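# Working through the structure, step by step
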Amino acid sequence: FQKLSAEIVKKIDNKYNIARDAQLNISQLVEELGELAKVANLNKLRNKDPEKKDLEDEFADVLMQLIALADVFQVDLEKSVLDKIETLKQRHGI
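Now for a description of the structure that goes with this document.

The rules behind these values
- Residues numbered from 1 in each chain as written.
- Predicted model: local features only at pLDDT ≥ 70, side-chain atom pairs only at ≥ 80, totals over all residues.
- Heavy atoms only, no water.
- Helix = DSSP H or I, 4+ residues; strand = E, 2+ residues; numbered from the N terminus.
- Rg over C-alpha atoms; globule rule 2.2 N^0.38 Å.
- Buried < 20%, exposed > 50% of the residue type's maximum accessible area, 1.4 Å probe, protein only.
- Contact = heavy atoms within 4.5 Å.
- Areas by Shrake-Rupley, 256 points an atom, 1.4 Å probe, with all protein chains shown as cover.
- Lys, Arg positive; Asp, Glu negative; His and termini not counted.
- Charge placed at Lys NZ, Arg CZ, Asp CG, Glu CD.
- Core = buried A, V, L, I, M, F, W, Y, C linked by side-chain atoms within 4.5 Å.
- 1 Å grid on protein atoms, 1.4 Å probe; cavity = no way out; pocket = protein on both sides within 12 Å on 5 of 7 lines; lining within 4 Å.
- Points joined across faces, edges and corners; volume = space filled by probe spheres on them.
- Nonpolar A, V, L, I, M, F, W, Y, C, P; charged D, E, K, R; others polar.
- Expected span 1.5 Å × (residues − 1).

## Some points on the overall build of the chain
A tally of helices and strands in the chain yields 5 helices and 0 strands. Taken over C-alpha atoms, the radius of gyration comes to 16 Å for the chain, far larger than the 12 Å a tight globule of 94 residues would show. The burial tally for the chain puts 20% of its 94 residues in the buried class. The long-range fraction of contacts in the chain, counting pairs at least 24 apart against all pairs at least 6 apart in sequence, stands at 65%. Roughly 7400 Å² of accessible area belongs to the chain as shown, and the carbon and sulfur atoms make up 57% of that amount. Between the averaged position of the 15 positive side-chain charges in the chain and that of its 18 negative side-chain charges there is a distance of 2 Å.

## A closer look at the nonpolar core
Of all hydrophobic cores here, the largest spans 5 residues; its members are Ala22, Leu29, Leu36, Val62 and Leu69. No other element matches helix α2 (residues 22-40), which puts 3 residues into this core. Each residue touching Ala22, except ones within four places of it in the same chain, is listed here: Leu69, Val72 and Phe73.

## Observations concerning the layout of surface pockets
The probe, sized like a water molecule, is rolled over the atoms to show the empty space still left. In this model, the largest pocket occupies a volume close to 180 Å³. Residue lining of the largest pocket: Val9, Ile12, Asp13, Ile18, Arg20, Gln28, Glu31, Glu32, Asp61, Met64 and Gln65, and that is the complete set. Those elements that provide at least two residues to the lining of the largest pocket are α1 (2-15), α2 and α4 (52-72). Residue classes in the lining of the largest pocket are distributed as 4 nonpolar, 2 polar and 5 charged.

## Details of α4
In this model, α4 (21 residues) spans 30 Å end to end at C-alpha, consistent with the 30 Å of a helix rising 1.5 Å per residue. By the burial criterion, the buried members of α4 are Glu58, Val62, Gln65, Ile67, Ala68, Leu69 and Ala70. On its buried face, α4 sits against α1, α2 and α5 (77-92). Gln74 sits one or two positions beyond α4 and adopts a positive phi of about 55°.

Honestly, it's all geometry; don't read function into it.
Now the structure itself:
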């Protein structure tokens, strides 16, 4: 999953001659989080419920940018999350 996502981002970057680094990834991640926030807050901002498809698209964009950032640092997100879950279970006795 992480590898597939990182590969498609790399292909898009190559197509447009983009040199990806941490700063660009963080900027794009923040941008995508803003777009997710806008859709998620439609009810409060426009008195309109967000469309599920719009939410799915924005969550996917956020996740793909997070994966691209992890790829820059060669971080295995699945392993990192599973390790963190174990740490939290131990810390909180659950």
